[in-house]
Amino acid sequence: MTDVEGPAIASLIQPDRVHRTIYTDAAIFEAEMARIFERTWIYIGHESQIPAAGGYYATTIGRRPVVMVRQRDGAIVVLHNRCAHKGALLVPRGAGNVKAFRCAYHGWCYHLDGQIMTIPRESGYAASGFGKHRREANMPPVARYGVYRGFVFASLAAEGPALEDWLVGVGGSIDNMIDRSPEGALEIVAPPLRYRMRVNWKFHVENLNDLLHPMVAHQSATEAGRRTASRHVEPGEKAPMAIEILAPFSNSYDFFEEMGLHAFPYGHSYSGGRTSIHAAYSDIPGYHEALERTYGEARTQEILSTNRHNTVVYPSLTLKGAIQTIRVVKPIAVDCTEIESWTFRLKGAPDELLRRSVLYNNLINSSAGLVQPDDHEAYLRLQHGLLSEGLDWVSMHRHLGEEQQDGDGGRSATGSSDMVFRNQYREWQRLMTEEAA
Ligand code: FES
Ligand SMILES: [Fe+2]
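Residues numbered from 1 in each chain as written. Chains lettered and ligands numbered in written order. Predicted model: local features only at pLDDT ≥ 70, side-chain atom pairs only at ≥ 80, totals over all residues. Heavy atoms only, no water.

The criterion, for reference: UniProt positions are given in the numbering used here, feature names are shortened, and annotations may be inferred rather than shown by experiment.
Naming follows an unreviewed UniProt entry, where the protein chain appears as Rieske 2Fe-2S domain-containing protein of Rhizorhabdus wittichii. Reading the Sequence similarities (unreviewed entry) entry of the UniProt record for the protein chain gives the comment "Belongs to the bacterial ring-hydroxylating dioxygenase alpha subunit family."

Overview of the pattern of salt bridges
The criterion, for reference: Salt bridges, as used here, are contacts in which a Lys or Arg side-chain nitrogen is within 4 Å of a carboxyl oxygen on Asp or Glu. Labels follow the DSSP assignment, with helices taken as runs of H or I lasting at least four residues and strands as runs of E lasting at least two, numbered in each case from the N terminus. Each residue is assigned to one of three classes by its accessible area relative to the maximum for its type, calculated with a 1.4 Å probe on protein chains only: buried under 20%, partly exposed between the two thresholds, exposed over 50%.
Per the stated rule, a full pass over the model turns up 26 salt bridges. Put simply, Glu-5 and Arg-35 hold a salt bridge, and the shortest N to O gap is 3.5 Å. One end of the pair, Glu-5, is in the segment before helix H1 (6-10); the other, Arg-35, is in helix H2 (residues 26-37), with 30 residues separating them in the sequence. A salt bridge links Glu-187 to Arg-345, with the shortest nitrogen-to-oxygen separation between them at 2.9 Å. Note that Glu-187 is positioned in strand E13 (residues 186-187) and Arg-345 in strand E21 (residues 345-346), a separation of 158 residues in sequence. Relative accessible area serves as the criterion here: at 23%, Glu-187 is assigned to the partly exposed category.

Side note on the nonpolar core
Note the cut-off: For the purposes of this section, nonpolar cores are sets of buried Ala, Val, Leu, Ile, Met, Phe, Trp, Tyr and Cys residues that join through side-chain atoms within 4.5 Å. An automatic or database domain assignment is the source of the domain bounds shown. Note on contacts: a residue pair is in contact if any heavy atoms of the two residues lie within 4.5 Å.
Among the nonpolar cores identified, the biggest contains 97 residues, and Tyr-23, Phe-151, Phe-153, Ile-326 and Trp-428 are the most heavily contacted of them. Two domains each provide a minimum of three residues to this core, namely domain 1 (42-155) and domain 2 (169-433). Setting aside its immediate chain neighbours within four residues, Trp-428 contacts Ile-9, Ile-13, Ile-22, Ile-28, Glu-32, Ile-36, Lys-202 and Tyr-314. The next biggest cluster of nonpolar side chains, apart from the first, holds 21 residues, and it includes Cys-83, Val-91, Ala-137 and Met-139.

Quick look at the coordination of the iron ion (ligand 2)
Our working rule: Any N, O or S atom lying within 2.8 Å of the metal counts as a donor, with the limit raised to 3.2 Å for Na, K and Ca; because water is left out of the atom set, some sites can appear incomplete. Working rule for geometry: tetrahedral if four donors all subtend angles between 85 and 135 degrees; square planar for four, octahedral for six, if opposite donors exceed 155 degrees and the others stay between 65 and 115; irregular in every other situation.
The protein atoms that coordinate the iron ion (ligand 2) are His-213 (NE2), His-218 (NE2), Asp-375 (OD) and Asp-375 (OD), at distances spanning 2.1 to 2.6 Å. Every donor counted, the four donor atoms about the iron ion (ligand 2) form angles of 55 to 143 degrees at the centre, which fits irregular coordination. Read from N- to C-terminus, the donor residues coordinating the iron ion (ligand 2) fall into the pattern H-x4-H-x156-D. With His-218 in the loop between helix H6 (214-217) and helix H7 (219-232) and Asp-375 in helix H13 (residues 372-385), this pair connects stretches of sequence that are 157 residues apart.

Remarks on the sheet that holds strand E5 (residues 64-70)
Threshold: Here, strands pair whenever DSSP counts at least two bridges between them. As a rule, the C-alpha atoms of each element are fitted with a line to give its axis, helices using only the stretch in contact, and angles between N-to-C directions run from 0 to 180 degrees.
Strand order in the open sheet formed by four strands is E6-E5-E4-E7, with antiparallel pairing between adjacent strands. The sheet is open, and its two borders are formed by strand E6 (76-80) and strand E7 (94-97), each paired with just one other strand. Recorded for the sheet is a direction-independent mean angle of 25 degrees between the axes of neighbouring strands. Both E5 and E6 contribute to a ladder of five bridges, which runs antiparallel. Each residue of the ladder has a partner; that of Val-67, found in E6, is Leu-79.

Concerning the pairing of E5
The buried count for E5 comes to five of seven residues, which makes it a mostly enclosed element. Here six bridges tie strand E4 (residues 55-61) to E5, and the two strands are oriented antiparallel to one another. Counted as the bridge partner of Thr-59 is Val-66 from E5. Between E5 and E6, which pair antiparallel one after the other, the connecting turn spans five residues, and Gly-74 there sits at a positive phi close to 95 degrees.

Quick word on the domain arrangement of the protein chain
Note the following rule: A quick way to say it: buried area is the sum, across both parts, of accessible area lost when two parts are put together, with a 1.4 Å probe.
Per the domain assignment, the segments of the protein chain are domain 1 (42-155) and domain 2 (169-433). A separation of 33 Å is found between the C-alpha centroids of domain 1 and domain 2. With both chains or domains summed, domain 1 and domain 2 bury close to 1,500 Å², and 59% of this area falls on carbon and sulfur atoms. When the area that domain 1 buries against domain 2 is broken down by residue, the three leading residues are Tyr-43, Arg-149 and Phe-151, summing to 37%.

Comments concerning a negative patch on the surface
This is how it is decided: Like charges within 9 Å and nonpolar side chains (Val, Leu, Ile, Met, Phe, Trp, Tyr) within 5 Å are joined into patches, using only residues over 30% in relative accessible area that form no salt bridge. Residue exposure ignores everything except the shown protein chains as possible cover, and the areas themselves are Shrake-Rupley values with a 1.4 Å probe. Counting rule for charge: Lys and Arg are taken as positive, Asp and Glu as negative, and neither His nor the chain ends is counted. In plain terms, the charge of a residue is placed at NZ if it is Lys, CZ if Arg, CG if Asp and CD if Glu.
On the surface, a cluster of negative charge is made up of Asp-283, Glu-289, Glu-292 and Glu-297. Along the chain, the position of Asp-283 falls in the loop between strand E16 (269-273) and helix H10 (287-295). Owing to a relative accessible area of 59%, Asp-283 belongs among the exposed residues under this scheme.

Focus: the UniProt feature "domain: Rieske" (unreviewed entry) in the protein chain
In the numbering adopted here, UniProt assigns the feature "domain: Rieske" (unreviewed entry) to residues 42-122. Strand forms 43% of residues 42-122 and helix 0%; the C-alpha atoms that close the span are 37 Å apart.

Quick look at the packing of H2 against helix H14 (residues 419-433)
Quick note on the threshold: Oblique is the label for any angle not covered by the other classes, which are roughly parallel (under 35 degrees), roughly antiparallel (over 145) and roughly perpendicular (65 to 115). Throughout, the ten residues Ala, Val, Leu, Ile, Met, Phe, Trp, Tyr, Cys and Pro are labelled nonpolar, Asp, Glu, Lys and Arg are labelled charged, and all others, Gly among them, are labelled polar.
Closest axis-to-axis distance for the H2/H14 pair is 9 Å, and the angle between their directions is 85 degrees. In terms of orientation, H2 lies roughly perpendicular with respect to H14. Along the contact surface, H2 presents Ile-28, Ala-31, Glu-32, Arg-35 and Ile-36, while H14 presents Trp-428, Leu-431 and Met-432. Along the lines of polarity and charge, the residues of the contact of H2 with H14 split into six nonpolar, no polar and two charged.

Right, here's the structure in full:
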């Protein structure tokens, strides 16, 4: 049995390397669910998924089923998705709308805030003292939940940093995605792409800020795209949107180095900023004008020149503000991870923006796209390669000690640095070894 207690678990993380078993050991995975996912802030969903009273979205925090619900006064609450009677899920995973929650097993009914409403044949409980007056007859709220500009997060731990403080450095990535809407608002208009990979969740969370892989792992797909385009697009003619999206994945080492990395407390990070693979997309007619009407010229320039590549809100949310997609990480088992990839509509922007975001999701993020399958293949090779006992450690040495301290509480480094991974594992070690409050 693997020892997952303090000193043993702490020793798996060193300043310049991590032990291979953190990706392969089922006991470590169980400890991660309890100490990371079920303790820190986890992304639940976006407020636009539940626009009307009674709208709900049921999902999980680690292994635990929860549901976010829109109240009649417009507020959002996050409840444990569990009947107070014998424990059945009140609603299956996914979205819906109810006047009240009615359990499918014996019919206990709950108000939208989780308070018990009716218990069929309640008089039978009288002798036991149980009944609707007892607090344990309600669906309880989760320990803490909060909404950051429409993005709903929840935590199963009563103690911990406030949501706004916890989002240090990466709240700005959410802000930039919202600011790209002429109305300052986002909307989810379709269900996500959802797929499972037979790999550990941490490979995805690391890979999104791994700028040393695109020109290798994505070389064949992007070069095929470029070749096809060169045959069909006349010199001087604008390339199709799909090619604009795909081609930068095989940009040079220097390009990705230049993008740079930024790391923050709590394991958060982002790559890019001034420039990224999203910086050279063509203008969409009417979009600039719509933004300028809201923000004026200078602020519009500022919004559109912030081109972060991937932001990791550790451990569960990864987002791309510049193309309005997010990917939500759902660990299932030590070697199984589910990804949900959502697109957002920028309210008040031309429809072409949503088309580009959907195209990006299908072409890049989808398990049937041209880029994600390359990453998936790399994760599978990692998952299998790390079963080897030939070497025990995974290298995190690159550009060690070459990080700059920034004024915003973060640190920055050249694009190919392992700084972001070292930062994630510092937080992993802190959460895995910290006593629960
Ligand atoms: S388990 Fe829900 S009413 Fe019995
Ligand atoms: Fe990739």
